[in-house]
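Spelled out, the chains give:
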Amino acid sequence: MREKPRQPGKMRSRSLVGRLATVLLCGVLAGLVLAAAVFPGNLLFGLAVKSASETWGGLPQELRTPTPAQRTVVYAADGRTPVTSFYDVNRRDVPLAEIAPVMRQAVVAAEDRRFYSHGGVDLRGLARALVSNAKEGTTQGASTLTMQYVRNVLKSDPERTAEERQSATEVSVGRKLQEIRYAAALEQTLDKDEILARYLNIAYFGSGAYGVAAASERYFSVTPAELTLAQAALLAGLVQSPNEYSPIDGDRDAALVRRSYVLDSMVVTGAITAEQAEQARAEELTLDPTEQPNGCTALSGDHADWGFFCDYLRSWWLEQPAFGSTVAEREQALNRGGYTIVTSLDPAVQASASRQSLAVFDADEPRALPIAAVEPGTGRVLAMAVNRNYSLADNPDGQDNRPNTVNQLVAGGGAIDGYQAGSTFKLFTMLAALESGLPLDTEYYAPTRLVTRHPAENTTAVCGDRWCPSNADPASMNGYRTMWDGFGRSVNTYFVRLSEEVGPAKVVEMAERLGIRFRSDLDENLARTDAADWGAFTLGVSATTPLDLANAYATVAAEGTYCEPLPVLSIAAPDGTKLPAGDPSCRRVLDVDVARAATDAARCPVGQDPAYGRCTGGTATTADRIVGGRPLAGKSGTSDQDATKSFVAYTPQVAVAGIAANPDDPTDRVGISAQSGVVGAVARVIEAATEGEPEVDFTPPSRRIALGEDGQAPPSSSRSGRDLDLDLDLRDWFDRLGVPR
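Owing to the predicted nature of the structure, the values given are computational and were not obtained by experimental measurement.

Each value, and the rule that gives it
Residues numbered from 1 in each chain as written. Predicted model: local features only at pLDDT ≥ 70, side-chain atom pairs only at ≥ 80, totals over all residues. Heavy atoms only, no water. Disulfide = S-S within 2.5 Å. Helix = DSSP H or I, 4+ residues; strand = E, 2+ residues; numbered from the N terminus. Pairing = 2+ DSSP bridges. Axes fitted to C-alpha atoms, helices over the stretch in contact; angles between N-to-C directions. Buried < 20%, exposed > 50% of the residue type's maximum accessible area, 1.4 Å probe, protein only. Contact = heavy atoms within 4.5 Å. Phe/Tyr/Trp six-rings, centres within 6.5 Å; stacked < 30°, edge-to-face > 60°. Salt bridge = Lys/Arg side-chain N within 4 Å of Asp/Glu carboxyl O.

Chemist: Which residues make up the state of the cysteines, and what values go with them?
Modeler: Cysteine pairs can be linked by a disulfide, which is a covalent bond between their two sulfur atoms. The full count for this structure, using the stated rule, is 4 disulfides. Residue pairing for C604: its cysteine sulfur links by disulfide to C615, the two sulfurs lying 1.9 Å apart. Measuring handedness by torsion sign, the sulfur bridge of C604 and C615 sits at about -80 degrees and is left-handed. A residue pair is termed long-range when its members are at least 10 positions apart, and C604 in the loop between helix 26 (592-602) and helix 27 (622-626) and C615 in the loop between helix 26 and helix 27 qualify at 11 residues.

Chemist: Can you break down the sheet that holds strand 19 (residues 633-638) residue by residue, with the values?
Modeler: With respect to topology, 5 strands assemble into an open sheet ordered 7-6-21-20-19, the strand pairing being antiparallel. Two strands close off the open sheet at either side, each with one partner strand: strand 7 (381-385) and strand 19. Within this sheet the neighbouring strands show an average axis-to-axis angle of 5 degrees, counted without direction. In this sheet, strand 21 (residues 655-660) lies alongside strand 20 (residues 645-650) in antiparallel orientation, the contact comprising 6 bridges. Directly across from Y650, in strand 21, lies its bridge partner A655.

Chemist: How would you explain the environment of R330 if you had to name every residue and give the values?
Modeler: Take R330: it is sitting in helix 17 (residues 327-336). Given a relative accessible area of 12%, R330 falls into the buried group. Taking C-alpha positions, R330 is 7.6 Å from Q320, a pair spaced 10 residues apart along the chain. Apart from residues no more than four positions distant in its own chain, R330 is found in contact with W317, L318, E319, Q320, P321, F323, G324 and S325.

Chemist: Break down the packing of aromatic side chains for me, with residues and values.
Modeler: Within this structure, the stated rule accounts for 19 aromatic pairs. Here the aromatic rings of W317 and Y339 are separated by 5.2 Å at their centres, their planes lie at 65 degrees, and the arrangement is edge-to-face. Here W317 is found in helix 16 (residues 307-318), whereas its partner Y339 is found in the loop between helix 17 and strand 5 (340-343), with 22 residues between them in sequence. The two residues W317 and Y339 agree in class, both being buried. When the centroid spacing of 6.0 Å and the interplanar angle of 50 degrees are considered together, the rings of F518 and W534 count as tilted. Here W534 lies in the loop between helix 24 (521-529) and strand 15 (543-544) and F518 lies in the loop between helix 23 (504-513) and helix 24, a separation of 16 residues in the sequence.

Chemist: Could you give me a rundown of the side chain of T405, with the residues and numbers involved?
Modeler: You can see T405 is positioned in strand 9 (residues 404-405). You can call T405 buried: its relative accessible area is 4%. Among all residues touching T405, those that are not within four sequence positions of it are F308, R388, N389, Y390 and S391.

Chemist: Can you break down the sheet that holds strand 5 residue by residue, with the values?
Modeler: Read across the open sheet, the 4 strands follow the order 2-1-5-17; overall the sheet is mixed. With one partner strand each, in any of the chains shown, strand 2 (82-86) and strand 17 (568-572) form the two edges of the open sheet. Put simply, the sheet's adjacent strands are angled 15 degrees from each other on average, direction ignored. Bridge count for strand 1 (residues 72-75) against strand 2 is 4 bridges, and the pairing is antiparallel. Counted as the bridge partner of V74 is T84 from strand 2.

Chemist: Now, about helix 26: what can you tell me, with residues and values included?
Modeler: In terms of residue burial, helix 26 counts as a mostly covered element, since 9 of its 11 residues are buried. If you check which residues of helix 26 are buried, you get D593, V594, A595, A597, A598, T599, D600, A601 and A602. Contacts made by the buried residues of helix 26 are with helix 19 (426-435), helix 21 (483-488), helix 25 (546-557), strand 19, strand 20 and helix 29 (703-707).

Chemist: Now, about the pattern of salt bridges: what can you tell me, with residues and values included?
Modeler: Following the criterion strictly, the structure yields 25 salt bridges and no others. When the shortest N-O distance is used, the salt bridge between R314 and E331 registers 2.3 Å. Separated by 17 residues along the polypeptide, R314 in helix 16 and E331 in helix 17 bring together distant segments of the chain. We classify R314 as partly exposed; its relative accessible area is 29%. The salt bridge involving R519 is made with D548; its shortest N-O contact spans 2.8 Å.

Right, here's the structure in full:
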């Protein structure tokens, strides 16, 4: 709430003498009520002087600029569809203009009828309480709304210690007098409506609802502006004893009795007529309770499949230094900061990804198909789905991650290192080669098996003491290949040879540059200490995730601009200020022509012709038919012995990746038949993401990077590629002649 200057008229007319007398009398009466004893004269005098000189600047910071805990609300990309909320306290501030007038009138009538006429302390109320307590032996209170507001702030301020918060509600003369002083000072600076708004936004209404916005939702599933007279009277009646009167958790009959009292009080204050009161009193109490979801496991119904995206959002938040210097501070900011987060989650794309994943494997199957969709040029994550329930519910014995799990199967982290994505990693080799000056037309002979210079370790592809990978289908893969048809046909030996040409360390560095993270200890160790001999990296033996893979390919789709994965469109503070933490973080990591050249070759696997028409076949040609011929590029992948099947594809508007694997058992092979399902699933998600969008074509690369400086392959990329030793030449000829080895 903003601070307001002193108002003219009534507030200005309060003389210093009048205020001094008010505080003196309040001090005396409060002391009599609470301590049943008269203060020593010198103490009263000192207190009065201090109270009279109290100014706005002398108030505690929490009263000048209160920061009570509020829930953070999360919406889908449309800014309207709720995803979830995060909170320690279910509370959400709203301006007074968004609170129904009957609600304002009801709380004044119920708690402080002379609110608009006193200066923060109701002397008549104090006197009445004094007489009543003396005669009847009761402990009748006399706190004004302003005094109650002061108490609520001091007892809920997250910056105060537990002892300080507890002292704000202790029954003592000192506490009451402090409350009076602070209330009088507030009334000298804030107008009545400001104080009322602050009160309505902090008061506890029972059943876990703090503030009128949360209460309106909790009891009636309406906004504060939509409250009827009967509803407002009921809510106003709860404030005095929220746990006792709550019709959800307490005594329904007591709540109705209290509602009647509030209606009668509103008649006394002139807010409503007696007839209106009777009509409201005759209304049945009809509750429509809404429990505000808290966290990612609270999602259910139509949005139950949004849990993995929600989990990624929370993990992303906890890594952002803008929300605190430690993880604990960032988590507190999320749960208490009252932010409004509009995520990048596209409900239509998410629904398609979830549907396609479940079409390949159901939730009870050991195999999973996590899918991620990313927007090129921003890194915004449009969808994250997998055929599992994001839930803490128990699983059958022996089924750690199915059908329920909260492990991040799509983005990785925690217990999930990722999955081998096979030949999709050939993209990084091609980029490294293009960057080093080799054109797309670089031609090598691809034999069935290629003996490399790399030592044979932890592999079955062994030739003596050397690693020697082979082609999966020699009939369609062997022979002279360029980057176009080598990528289109997914020729292992061509790309291993290309990796040796530029050096595996450059390939590893390229993958990292495009956002591939090494989550397993083994992969991290190889990348840091043995990258130069990690020849198998080009064949996708490193674990990755659909999100990392989609974002890496999105970088190529964005012509070399890498953007960190981002799950939000905007983040607003409680006052509406947009925070820069929600903005994309992008940087150029590839030359534009290099990226365009890679895209040109990446059109071969999906069955499309590139600008230079050099495709001779592809491994995922059904994708072209599914997207209806829309410009598309991508790559399929298979890990050793069909343990995993992958496909990643992109248009200029979206990149989507899916990896079929068994998250609990890497040795469980998903099999050859899974490939068509994965390709179809990813292509259909792209179809959904681009529905209604204009077709945007890819920009062709230059002739220099496609064909060489003069339009022809340069000598450095002739058929031999580099000087081969006689042994390799003989093996090549044996393969070309079909001689068995």
